[in-house]
Amino acid sequence: IVLVSEVMQTVGPQEAKIREMGASEKDVAKLRADALERLIEARLIEGVVARLELYADDSEIDATVASIAQENGLTLEQLYASVVFHGMTRDEYRQQIKRDLERRNVVNAMVGSEVEIEDLDLRLLYDERFGSMPEQAEMVRVRQILVTYGQASKRDPQQACDTASQARKRVVAGEDFAEVAKEVSEVARRDGGDIGWLEVDQLASWMSESLAPLSDGEISEPILLPFGCSVLKLEETRDVTRMSFEDAKPKLMEEVWGRKMEQAYRVWMEDLRAKTYIDRRGYFADAAQLGDVTFPSANPAPTETP
């Protein structure tokens, strides 16, 4: 059984955000319906885990958490502190890791033997990733703080640039750009404004002109754009040689394997759904298609309907 309250708890923060942006009731209904489907899938996975005893134990969870901390250059306590800062308890985080590991166990057990990787798959992905790259290229890694204006944000250009300017002053005063971006930016917020490695010759003119006078580690003045106000940080500049197929092959295999595993998993999951009795009740029966209907509040009363 999936309760209404579980759906509301899952979508609560995102629902509040899209309502602020003017989302329609149909948009909200679609959001809730999608959440219900994810919860149904989680229940199905739990059933397979129990039936085949594919549980993840504490040692696996500990190892995974330690690996995540190491990859991010954090101690375990720093990682858990970050988790708590973002609104999740330590136990909730470990439960999420457990669910992810058990889902992986199910995927490997049910569809792993069906996945095969051919050389053509790797060649096609290599061409997709590197085919259009020149042999040599200048690359820049950039972080961005973007504050939008217009009807959706209810800001005018001056207000957007004032907010961006204040964010820039905080960075100049010593705050970490990534942390300020997580708080202020409307692009790549989770990644601290990191928009990745970009080829200099492929940059938009406004970005290229703004980055040109900067050295690594420096930040731009606020830049007024047709949709918002931006501050850029040039993290690093690097001359890059296009990777050969042989050098790229291990990563390509990993990505192709992941893609094919996910495709096989989706087919398997749809088959499992088809063999399972699933009864979506009330407005959830057609929530994605409904437009004008009264939905429950995000904080339902204790009496719940499955």
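This text goes with the structure placed above it.
Residues numbered from 1 in each chain as written. Predicted model: local features only at pLDDT ≥ 70, side-chain atom pairs only at ≥ 80, totals over all residues. Heavy atoms only, no water.

Caption draft 1: Expanded view of the layout of surface pockets. Counted as a void, the largest pocket has a volume near 2200 Å³. Along the walls of the largest pocket sit 38 residues, with His86, Met88, Gln96, Arg99 and Arg190 positioned nearest its centre. For the lining of the largest pocket, the secondary structure elements donating two or more residues are helix H1 (4–20), helix H2 (25–52), helix H4 (76–85), helix H5 (90–111) and helix H8 (177–184). (1 Å grid on protein atoms, 1.4 Å probe; cavity = no way out; pocket = protein on both sides within 12 Å on 5 of 7 lines; lining within 4 Å. Points joined across faces, edges and corners; volume = space filled by probe spheres on them. Helix = DSSP H or I, 4+ residues; strand = E, 2+ residues; numbered from the N terminus.)

Caption draft 2: Layout of the sheet that holds strand S3 (residues 223–224). Strand order in the open sheet formed by four strands is S2-S1-S4-S3, with antiparallel pairing between adjacent strands. Each of the sheet's edge strands pairs with one partner strand only, and the pair in question is strand S2 (194–199) and S3. Where H8 meets the sheet, its contacts fall on strand S1 (136–148) and strand S4 (228–241), and the angle it forms with S1 comes to roughly 45°. (Pairing = 2+ DSSP bridges. Contact = heavy atoms within 4.5 Å. Axes fitted to C-alpha atoms, helices over the stretch in contact; angles between N-to-C directions.)

Caption draft 3: Summary view of the packing of H2 against helix H10 (residues 245–274). Direction vectors running N to C along H2 and H10 enclose 90°, while the axes themselves pass 11 Å from each other. Considering their axes alone, H2 and H10 lie roughly perpendicular with respect to each other. Each of Glu37, Ile40, Glu41, Leu44, Ile45 and Val48 in H2 lies in contact with H10, whose residues at this interface are Tyr265, Arg266, Trp268, Met269, Leu272 and Arg273. Of the residues contributing to the contact of H2 with H10, the split by class is eight nonpolar, no polar and four charged. (Parallel < 35°, antiparallel > 145°, perpendicular 65-115°, else oblique. Nonpolar A, V, L, I, M, F, W, Y, C, P; charged D, E, K, R; others polar.)

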